Amino acid sequence: MTPDRLEPMSNSATPQENTGDGLAQVQRIRTHHLAQAKAAGERFTMLTSYDFMTAELFDQAGIDTLLVGDSASSTVLGHSSSLPITVDELLPMCRAVAAAAKRAFVVVDLPFGSYEESPEQAVRTAVRFMKEGGAHGVKIEADASTAHLVAAVVRAGIPVIGHVGFTPQSEHAMGGYRIQGRGDAAQKVLDDALALEAAGAFCILMEMVPSETATSVDQALTVPTIGIGAGAQTTGQVLVWQDALGLNGGKVAKFVKRYADLRGVMTQAVTDYVQDVRSGAFPAQEHTY
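Just so you know, these numbers come straight off a predicted model, no measurement behind them. (Residues numbered from 1 in each chain as written. Predicted model: local features only at pLDDT ≥ 70, side-chain atom pairs only at ≥ 80, totals over all residues. Heavy atoms only, no water.)

## Let's talk about the UniProt feature "active site" (unreviewed entry) in the protein
Residues annotated in UniProt with the feature "active site" (unreviewed entry) correspond here to E207. Structurally, E207 can be placed in strand β6 (residues 203–207). Overall, the relative accessible area of 9% leaves E207 in the buried class. There is a polar contact of 3.0 Å between the side chain of E207 and the side chain of H163. (UniProt positions renumbered as here; feature names shortened; annotations may be inferred. Helix = DSSP H or I, 4+ residues; strand = E, 2+ residues; numbered from the N terminus. Buried < 20%, exposed > 50% of the residue type's maximum accessible area, 1.4 Å probe, protein only. Polar contact = N/O pair within 3.5 Å; in protein donor to acceptor, adjacent residues only side chain to side chain.)

Okay, structure coming up:
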């Protein structure tokens, strides 16, 4: 088996039946492996990452795709939304994640204000993330009216994930964090997804849309889909790692499942360290040269 190869799998496999062994055998994830996963009824995983150590850990644990998300605006820089983060702030995070990832496909968000002006601006920004950040692809929040931006980046030879449904960079235009694609609005999510696929996006991410809508979109598309708050029928799933592992001490969305309580573990560990230093218990003899 070559490093990138994914062996053909039976077309009769369903998401419920597939064990995921095919994708797990791939030594370096590429866009065609994700496409093959959808064709084979296999699911893939994505987590956000913004630094070397978490990226290394997630990569070794088997995460298929790492997203250097503009969510770093909140989770790393402390802003109240994803809007303030800049290209220059996100680039070093992207470099760190790309340096750690030996298997995972690394995708980075194009931040708000870095691509909307023109196709030329979108290409320039995406090229920077590929050349300076070491990314393998970019994610762009877009719809049918801005599909030409995606097409320009794809023409430049850069893999693109299109992001539809709730798009956080447009939170003010959308009236806040609101579910998209309910009722008659489901058609817009479908139209947007189809337009981005036609523009050359190799994958479509759907955020905060009803499961029925996401299922319809996934069935209509040839390319794989990723869901966050979009039900269980998408090809892949993504979560912000601080939410999934319980580092975020605030309220999390309904679609988040917490797999650990890192905030509790870390708080107790730091409390113990403080007590040991103040009492003189640390450093002990075994910690002394």
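Once the structure has been displayed, the description carries forward.
## A closer look at the sheet that holds strand β4 (residues 137–141)
Strand order in this closed barrel of 8 strands is β1-β2-β3-β4-β5-β6-β7-β8, and the pairing throughout is parallel. The mean inter-strand angle of the sheet, taken between neighbouring strand axes irrespective of direction, is 25°. Strand direction decides the pairing type here: strand β1 (residues 44–48) and strand β8 (residues 236–239), joined by 4 bridges, are parallel. Pairing of T45 across the sheet is with Q237, part of β8. (Pairing = 2+ DSSP bridges. Axes fitted to C-alpha atoms, helices over the stretch in contact; angles between N-to-C directions.)

## A closer look at the packing of helix α8 (residues 186–198) against helix α9 (residues 211–220)
Following both chains from N to C, one finds α8 and α9 inclined at 30°, their axes separated by 10 Å at the closest point. Comparing their axes, α9 and α8 come out roughly parallel. For the element pair α8 and α9, the recorded crossing hand is right-handed. On α9, the residues that touch A186, V189, L190, A193 and L194 of α8 are T213, V217 and A220. Looking at the contact of α8 with α9, its residues break down into 7 nonpolar, 1 polar and no charged. (Parallel < 35°, antiparallel > 145°, perpendicular 65-115°, else oblique. Left-handed = near helix turned anticlockwise from the far one by under 90°. Contact = heavy atoms within 4.5 Å. Nonpolar A, V, L, I, M, F, W, Y, C, P; charged D, E, K, R; others polar.)

## Describing the pattern of salt bridges
For the structure on display, the rule yields 7 salt bridges. Where K139 meets D109, a salt bridge forms, and the shortest distance between an N and an O atom there is 2.6 Å. With a gap of 30 residues between them, K139 in strand β4 and D109 in strand β3 (residues 105–109) connect regions that are remote in the sequence. Residue K139 shares its accessibility class with D109, and that shared class is buried. Measuring nitrogen to oxygen at the nearest pair gives 3.8 Å for the salt bridge that ties K188 to D143. With K188 in helix α8 and D143 in the loop between β4 and α7 (147–155), the pair connects residues that are 45 residues apart, well separated along the chain. The class for D143 is partly exposed, based on a relative accessible area of 22%. Within the structure, one salt-bridge network assembled from shared partners comprises D88, R128 and E132. (Salt bridge = Lys/Arg side-chain N within 4 Å of Asp/Glu carboxyl O.)

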